[in-house]
Each structure stands twice: as C-alpha cells, then as structure tokens.
Amino acid sequence: MYLDNEDEMILSGEYGETRQKMMEILVALGKVFGAEDLVPISSAQISGASYKTIGEWGLEWLNNLDARVAVPSVLNPIGMPRDNWREIGISKEFAEKQNEVIKAYKKLGIKLECTCTPYYLSNTNYGDHLAWSESSAVSYANSVLGARTNREGGPSALAAAMIGKTPNYGLHLFKNRMPEITIEIEKGEGKHSSHFGAIGYLAGKAAGNKIPFLTNIRPSRDQLKALGAAMAASGAVALYHVKGITPETKLPTFAEEPSEKIIIEQSEIESIFSDITVDAVAVGCPHCSPDELARLSSLLEGKKVNKTFFVFVAKGVKNSNLEYVMKIEKSGAKVVEDTCIVVSPAMDKFDTVMVDSGKAFSYVPNMCGCNVRIGTLEECVDEATS
Ligand code: F3S
C-alpha cells in the first residue's frame, strides 16, 4: 500500500507511539482489504462509546492513548444522558464508569456529541470521504448524502480520526457502489404500507450483504433514515439506492436495475405488526430529526402518557428544538440525549418495549433482553396514552 513521507514517519514512530499504533491499524486493514493507498477524510464518528458495550478493557485501552484527533470527530451514543443520568434509572456505578469513558475520549480531542445522526449537526457533502462507524449513520451517509464510508469498527474509526485518513477500499471506490439486487415494494392500502422501518427490516433480510436498489417507493429524508437503519440491522446493508430518490441513482451508470429481483408484498409488511401489551415505549432510533420532534410534539399535545415513554435525540438537536421538547415532556414523555434504546442499560428492566423503528425491532430482544413490538409513531403514542 502506498504511504506518503509523513505516513511513513508516523508508521516508524516519529510522531509518538499512539499515532504509530493507529497507523499500524490502518495499514493492516488496508492490506487485508487490498487498499492501494490512504484517502483523506472529512470527519469521523466513533463507536464503542457506551460503557455497556466496551467495558473495562475498552476503557483501559482508551486511557493508554496519547494523541489528538486530526479531523472533526464525534461519538456514537453512550450509555446515559451525560447531565440527567439519574432521571432514566442509571446506577451510580455505571455513571461513574461511563464518565471515565467520556473523559478519555475528551482528552483525545473528540467533540462530546454522542449520536448516530451526526449529519444533523454538521455538513456532510456528496463525495466526502468519512470514517463513520454506526451502521445507520454509515447507511445514511453513503445512500442519502452520497458521501463515502465503510462501516468502521470503533478502533479503526478512531485510528482514521487521529491520522485524518482511511484505507481507500470498499465503498470509498465508485466501482464498489453499484446496485446488486432489485427490491420492489408492492404498493398497498394497508395501514402499515408506508412504514419504512418495517420495509427496511424485510428488505435487509432479503438483501443480506448485497447493495439493494429499491423501487416503487418515494420516501422522505426521515423515511430514508428509518429504511436504511433497519436494513443495516436486519441485513448488512451499508449502502442502498432508491430509484429516482437517492443521489447516485441520478447518474447514468445506475440506469439499469439489477436483474436479480425480489418483491416484498404488503402481507409480509403487515405480518410483523402485533398488538401485544407493552410496558414502555421508545422512539428515536436513529435519533430524532427536528421534524420528527415537531411531529411527536403535535401528536402528544393535550395528552398524558401512562407508561414510560422515551424519545432519543442528539443533544445538539434537543438544545436547538426546546420548544418541541417542552411540549413533548408536558405529556410525561422524556426526551433523552446522548444515549439510545440499545446502548443504555435503562431499557433492560422492561418486559416488552414498543418501538417505531425497524432497527430497534431487530436489536432490542438480544441487546436489552426484552420482547419488542413495532408500530407507527401514531400507534406508539396511542399505546402510551390510551
Ligand atoms: Fe442510533 Fe442506537 Fe438506534 S445508535 S440507530 S438509536 S440502536
């Protein structure tokens, strides 16, 4: 793999041991995946930020690092809201450990924004190379924004952040971004016919690790976010295309639909919905957009929730939409920043959780040890307020 003079100096340890180790990670990855060189990145998003997922070993590894990031970098959701952890039932022991993790990342120069939707907080442009690690963020960056990132692990995203480059392979190369399987969504009149979390859940299972080309749908940006997050969770989809909607489908190269084709029928979409009783509701997976907060505030207006209702969001988005946050919280729901359904231990105590997200529907049973029900945002509000 080609390295320029400075890269070689970093690799030989002239910029310190931490940078040397980080360069070794990038070179090893590049060799495994056949990268010809490193490509400069605009930003990094680093997973492995919740103490629930990285534990003591991860914390010790972070504490031994001694360098700062070279590009704007943020974290994936952590295990609790930094300021209000008591409000969601986090133990003092967990909070202390989580704060140590945060302190370790802060020392590395990482911005303490802990979110899977970093694209709401800074500009990410078509063609930008990135090193992002959370699967829904990766999917959104590649598919909706037309930026380019592989799905990085926590250490490789951190290595890229410190060097300011990443190995140039996989989805960084245009030739690897072609659609491989057509997935047509049957049109229907069913009440869940446009639930893009459910469609994504089924499409991800059908696509596996192929790049899907979805047809017969016209999702909005928020719906694309839900669709991609679910496909990344039930399958291994880091890039998808929606005919006539996502930016790369407007290029002549994408004119042909892949010949391998699957149809998702309306009856399949309806079949994943149920009406089992739940003891908590959680929305905001991926973290809510300003529009989603606005919609939720109007759905909850004049109502009171009668069970735990969490709304997950990036702190920066929460702080710039306090009017909606106040309206939502007037109902008794809690708008929670920095953390999420899956990486926080707060959800583990419930028997059954209702979500509006195909990704949460995939992950909650294993990651939180509870049953899960999926519904629309309206159904989630009805369930919590009736
Ligand atoms: Fe984000 Fe957590 Fe869902 S990281 S996509 S809110 S599982």
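Note: the structure precedes this text.
First, a word on scope: everything that follows refers to the structure included in this document. All values reported here derive from a predicted model rather than from experimental measurement.

Some details on helix 8 (residues 221–234)
Link 1 in the chain: An ideal rise of 1.5 Å per residue puts 20 Å on 14 residues; helix 8 measures up with 20 Å between its terminal C-alpha atoms.
Link 2 in the chain: Along helix 8, 11 of the 14 residues are buried, which leaves the element largely enclosed by surrounding structure.
Link 3 in the chain: Looking only at helix 8, the buried set comprises Asp 222, Leu 224, Lys 225, Leu 227, Gly 228, Ala 229, Ala 230, Met 231, Ala 232, Ala 233 and Ser 234.
Link 4 in the chain: Elements in contact with the buried residues of helix 8: helix 5 (135–143), helix 7 (196–207), strand 8 (212–215), strand 9 (241–242), helix 10 (290–300) and helix 13 (358–368).

Observations concerning the packing of aromatic side chains
Link 1 in the chain: Evaluated as defined, the whole model comprises 7 aromatic pairs.
Link 2 in the chain: Measuring from ring centre to ring centre gives 4.6 Å for Phe 33 and Tyr 169, while their planes differ by 5°; the resulting arrangement is stacked. In this pair, Phe 33 sits in helix 2 (residues 17–33) while Tyr 169 sits in the loop between strand 6 (165–167) and strand 7 (181–185), placing the two residues 136 residues apart along the sequence.
Link 3 in the chain: Its relative accessible area of 47% is what places Phe 33 among the partly exposed residues.
Link 4 in the chain: Every member of this aromatic cluster is reached through a ring pair, and the members are Tyr 119, Tyr 120 and Tyr 140.

Things to note about the sheet that holds strand 11 (residues 280–283)
Link 1 in the chain: What the 5 strands build is an open sheet, ordered 13-12-11-14-15; its pairing is parallel. A strand with exactly one partner marks an edge of an open sheet, and here the two such strands are strand 13 (334–337) and strand 15 (371–374). For this sheet, the mean inter-axis angle between neighbouring strands, taken without regard to orientation, is 30°.
Link 2 in the chain: With 4 bridges joining them, strand 12 (residues 308–313) and strand 13 adopt parallel strand pairing. Bridge pairing links Phe 310 to Lys 334 in strand 13.

Calculation notes
- Residues numbered from 1 in each chain as written.
- Predicted model: local features only at pLDDT ≥ 70, side-chain atom pairs only at ≥ 80, totals over all residues.
- Heavy atoms only, no water.
- Helix = DSSP H or I, 4+ residues; strand = E, 2+ residues; numbered from the N terminus.
- Expected span 1.5 Å × (residues − 1).
- Buried < 20%, exposed > 50% of the residue type's maximum accessible area, 1.4 Å probe, protein only.
- Contact = heavy atoms within 4.5 Å.
- Phe/Tyr/Trp six-rings, centres within 6.5 Å; stacked < 30°, edge-to-face > 60°.
- Pairing = 2+ DSSP bridges.
- Axes fitted to C-alpha atoms, helices over the stretch in contact; angles between N-to-C directions.

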